[in-house]
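Single-letter residue listing:
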Amino acid sequence: MTTTGKIELMAPAGNFESLQAALDNGADSIYFGVEQLNMRARASINFTLDDLQEISKRCKEKNVRTYLTLNTIIYDHDLSIIKTLLQKAKEADITAVIAMDQAVISSARAIGMEVHISTQINITNIETARFYAMFADTMVLSRELSLRQVKKITEQIAKENICGPSGKLLEIEIFGHGALCMAVSGKCYMSLHSSNSSANRGACKQNCRKKYTVIDQETGFEMELDNEYIMSPKDLCTIDFLDQIIDAGVKVLKIEGRGRAPEYVAKVIKCYRDAIDSIEQGTYNKEKVISWMLELEKVYNRGFWSGYYLGQKLGEWSNGSGSHATQKKIYVGKGMHFFPKANIGEFKIEAYDINVGDTILITGPTTGAKEMQIDQMFVNDVEGSSAQKGDSCTIPLNFRIRPSDKLYKIVENKVEA
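Colleague: How would you explain the packing of helix H1 (residues 16-24) against helix H9 (residues 262-281) if you had to name every residue and give the values?
Modeller: Close contact between H1 and H9 brings their axes to 8 Å; oriented N to C, the two are set at 15°. In this view, H1 runs roughly parallel relative to H9, as classed from their interaxial angle. For H1 against H9, the interelement crossing comes out right-handed. Between H1 and H9, the contacting residues are Glu 17, Ser 18, Ala 21 and Ala 22 on the first element and Pro 262, Val 265, Ala 266 and Ile 269 on the second. For the contact of H1 with H9, a count of residues per class yields 6 nonpolar, 1 polar and 1 charged.

So this is what it looks like as structure tokens:
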């Protein structure tokens, strides 16, 4: 549960690079999966049991809360694994577990671990919220609700003093940004039907993102569709009405993207951090929203829409299968050494060239995702303006790099209309 009145910004962490990117860019909390029992078991690398202590340590240093996602369908053979994982999370002082199955909820409660209810439960009314308040302090509402419906629920929670097990007022969380799928609150069976690969066990094959032909089997008539990607929604974006979300009494804003790259996490979290702070400071305005939208468009997206929050009855569908990002990264080389006294990083150029004036991205498990412009560099110990494959290149930096870090160049991405 949040400790301040400000809305909590919750960031995805699919690996240590993204975790660090979230911490560096102002997240209040992070959510992550361990091994296979989470809804991104297939889409992201995921952490192991042995990573729990390191996750907890890094986040505590920044006063950031940690949420373990255990929100898949659970079978009998999973139960012992669930209990082991929850116990390890408890020992590592992970803040809470995000759950949808009563086996996980009851097991977490039995060891005194805070529970948050996943969107898979599909909470759409105050009575359902009241029921789950017996088990959980925070719950994600159905993502098909309008803000008017969300506000009615939060107002009733306050009016009726509905509290979670902690004794504090129940907190409401909603999705704020990122990929949406055609299923109601994530419960989809297409992947299981077509590939015996259950989305509800974290193994979605993303059937809805593909192109389909619709044919009348009696006559053979092929339907003409305005949009070939009729099951692939655009990505959710709420930064342009974030003030209305806060006014609706929402306490936690969840950013989707555990399968996304660390630079996605860095960019999106920074924009929403700035927006939340601007609302609190009274400086949130149209011009800032436009600049944030331009930044958000630079990283992976399928185009943006406002979801159902503003009362829209029909979805908005993507017109392509891939990203509409206005920028992309190109691998250039790897980190070799950092000279702390001079604040200089050395890189081995292994692919494309880089030049003074280029925007570069450096990623790594401890570094996170750092973006900057090259103002000066030395190539093979001589000051130069360009480095090619095989060169050793040193660049002044205001942060430390490691030998495991990767160096990319950011370039404009031509997106088909």
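Colleague: Could you give an account of the nonpolar core, with specific residues and numbers?
Modeller: Ile 30, Phe 32, Ile 117, Ile 245, Leu 253 and Tyr 272 are the most contacted members of the largest nonpolar core, which totals 88 residues. No other element matches the 9 residues that H9 contributes to this core. Excluding its chain neighbours within four sequence positions, the residues that come into contact with Ile 117 are Ala 99, Ile 105, Ile 123, Tyr 132, Ala 136, Thr 138, Met 139 and Val 140. Ranked by size, the runner-up nonpolar core spans 18 residues in total, among them Ile 354, Ile 360, Ile 362 and Cys 393.

Colleague: Now, about the packing of aromatic side chains: what can you tell me, with residues and values included?
Modeller: What characterises a pair of aromatic rings is the spacing of the ring centres plus the angle enclosed by the ring planes. Under the defined criterion, the tally for this structure stands at 9 aromatic pairs. With 5.6 Å between their ring centres and 65° between their planes, Phe 131 and Phe 135 make a pair best called edge-to-face. Where Tyr 331 meets Tyr 408, the ring centres are 5.8 Å apart and the plane angle is 75°; that geometry is what we call edge-to-face. Of this pair, Tyr 331 sits in strand E11 (residues 327-339) while Tyr 408 sits in strand E20 (residues 406-412), and the two are 77 residues apart along the sequence. By relative accessible area, which is 28% here, Tyr 331 ends up partly exposed. Put simply, the rings of Phe 16, Phe 32 and Phe 47 pair up and form one aromatic cluster. The ring of Phe 175 carries Arg 143 above its face, with NZ or CZ at 5.7 Å from the centroid.

Colleague: Tell me what's going on with unusual backbone geometry, and back it up with residues and numbers.
Modeller: Of note in the backbone geometry, Asp 93 takes a positive phi value of approximately 65° without being a glycine. With respect to the helices, strands and loops of the structure, Asp 93 is situated in the loop between helix H3 (79-91) and strand E4 (96-99). The class for Asp 93 is partly exposed, based on a relative accessible area of 44%. Phi is positive for Asn 380, close to 55°, though the residue is something other than glycine. Structurally, Asn 380 can be placed in the loop between strand E16 (377-379) and strand E17 (382-384). For Asn 380, a relative accessible area of 42% translates into the label partly exposed.

Colleague: For the pattern of salt bridges, give the residues involved together with the corresponding values.
Modeller: Inspection of the entire model under this criterion finds 22 salt bridges. For Glu 8, the salt bridge is made with Arg 65, and the minimal N-O distance between the two is 3.4 Å. Residue Glu 8 is found in strand E1 (residues 8-12), and its partner Arg 65 is found in strand E3 (residues 65-70); the two are separated by 57 residues along the sequence. Each of Lys 6, Asp 28, Arg 273, Asp 277 and Glu 280 takes part in one network of salt bridges that share partners.

Colleague: How would you sum up the sheet that holds strand E19 (residues 392-396)? Please name residues and give values.
Modeller: In space, the 8 strands of this open sheet follow the order E15-E14-E20-E11-E12-E19-E16-E17, with antiparallel pairing throughout. Edge positions in the sheet fall to strand E15 (368-373) and E17, since each of these pairs with one other strand and no more. Across the sheet, the axes of successive neighbouring strands diverge by a mean angle of 35°, strand direction being ignored. In this structure, E16 lies alongside E19, joined through 2 bridges in antiparallel fashion. Bridge pairing in E19 places Phe 378 opposite Thr 394. In this fold H1 packs onto strand E14 (359-364) and E15, with an angle of close to 65° to the strand it touches most, E15. Packing against the sheet, H9 makes contact with E11, E14 and E15, and its axis sits at approximately 75° to E15.

Colleague: Lay out the packing of H1 against helix H2 (residues 52-61) in plain terms, naming residues and giving numbers.
Modeller: The geometry of H1 relative to H2 is characterised by a closest axis approach of 11 Å and an angle of 15° between their N-to-C directions. Comparing their axes, H2 and H1 come out roughly parallel. The interaxial crossing formed by H1 with H2 has right-handed handedness. Contacts from Phe 16, Leu 19, Gln 20 and Leu 23 in H1 reach Glu 54, Ile 55, Arg 58 and Cys 59 in H2. Here the residues of the contact of H1 with H2 are counted per class, giving 5 nonpolar, 1 polar and 2 charged.

Colleague: Explain the side chain of Thr 238 to me, and be specific about the residues and the numbers.
Modeller: On the secondary structure map, Thr 238 appears in the loop between strand E8 (235-237) and helix H8 (242-247). Judged by its relative accessible area of 0%, Thr 238 falls in the buried class. Among the polar contacts listed, one links the side chain of Thr 238 to the backbone oxygen of Gly 176, at a separation of 2.8 Å. If we ignore the near neighbours within four places in the chain, the residues touching Thr 238 are Gly 176, Ile 245, Leu 253, Tyr 272 and Tyr 309.

Colleague: Hey, could you go over H3 for me, with residue numbers and the actual values?
Modeller: One turn of an α-helix holds 3.6 residues; hence residues three or four places apart share an orientation. Taking 1.5 Å of rise per residue, the 13 residues of H3 would be expected to cover 18 Å, and the 18 Å separating its terminal C-alpha atoms lies within 8% of that figure. Within H3, the full set of buried residues consists of Ile 82, Leu 85, Leu 86 and Ala 89. End-on view of H3: buried residues confined to an arc of 100°, all on one side of the axis. In H3, the exposed positions angled more than 90 degrees off the buried face are occupied by Ser 80, Lys 83 and Glu 91. Residues of H3 that are buried make contact with H2, E3, E4 and helix H4 (102-110). Trailing H3 by a residue or two, Asp 93 shows a phi angle of about 65°, which is positive.

Criteria and thresholds
Every chain begins its residue count from 1, and numbering advances along the sequence as written. Thresholds applied to this predicted model are a pLDDT of at least 70 for local features of residues and 80 or more for the giving and counting of side-chain atom pairs; totals over whole chains, interfaces and linings are not thresholded and use all residues. For the side-chain quantities, the full set of heavy atoms in the structure was used; hydrogens and water were omitted. For helices, the axis comes from a line fit to the C-alpha atoms of the stretch in contact; other axes are also lines fit to C-alpha atoms, and the angle between any two N-to-C directions lies between 0 and 180 degrees. Secondary structure is summarised from DSSP: a helix means a run of H or I of at least four residues, a strand means a run of E of at least two, and numbering begins at the N terminus for each. Working definition: roughly parallel below 35 degrees, roughly antiparallel above 145 degrees, roughly perpendicular at 65 to 115 degrees, and oblique for all remaining angles. Note on convention: near helix rotated counterclockwise from far helix by under a right angle means a left-handed crossing. Clockwise means right-handed. Should any heavy atoms of two residues lie within 4.5 Å, those residues are considered in contact. Each residue gets one label: Ala, Val, Leu, Ile, Met, Phe, Trp, Tyr, Cys and Pro are nonpolar, Asp, Glu, Lys and Arg are charged, and the others, such as Gly, are polar. By nonpolar core is meant a set of buried Ala, Val, Leu, Ile, Met, Phe, Trp, Tyr and Cys residues that side-chain atoms within 4.5 Å join together. For each residue, the accessible area found with a 1.4 Å probe, counting protein chains only, is set against the maximum for its type, and the residue is called buried under 20%, exposed over 50%, and partly exposed in between. Within 6.5 Å between ring centres, the rings of Phe, Tyr and Trp (the latter by its six-membered ring) count as paired, and their orientation is classed by plane angle as stacked under 30 degrees, edge-to-face over 60, tilted in between. Sitting over a ring, as applied to charges here, requires NZ of Lys or CZ of Arg to be within 6 Å of the ring centre and within 35 degrees of the ring normal. Definition used for salt bridges: Asp or Glu carboxyl oxygen within 4 Å of a side-chain nitrogen of Lys or Arg. Any two strands between which DSSP finds at least two bridges are classified as paired. Polar contacts, as counted here, are pairs of nitrogen or oxygen atoms within 3.5 Å of one another; within protein the pair requires one atom able to donate a hydrogen and one able to accept it, and residues that are adjacent in sequence qualify only if both atoms are side-chain atoms. The span you would expect from a helix comes to 1.5 Å times its residue count less one. The directions considered for the arc run from the helix axis to the C-beta atoms.

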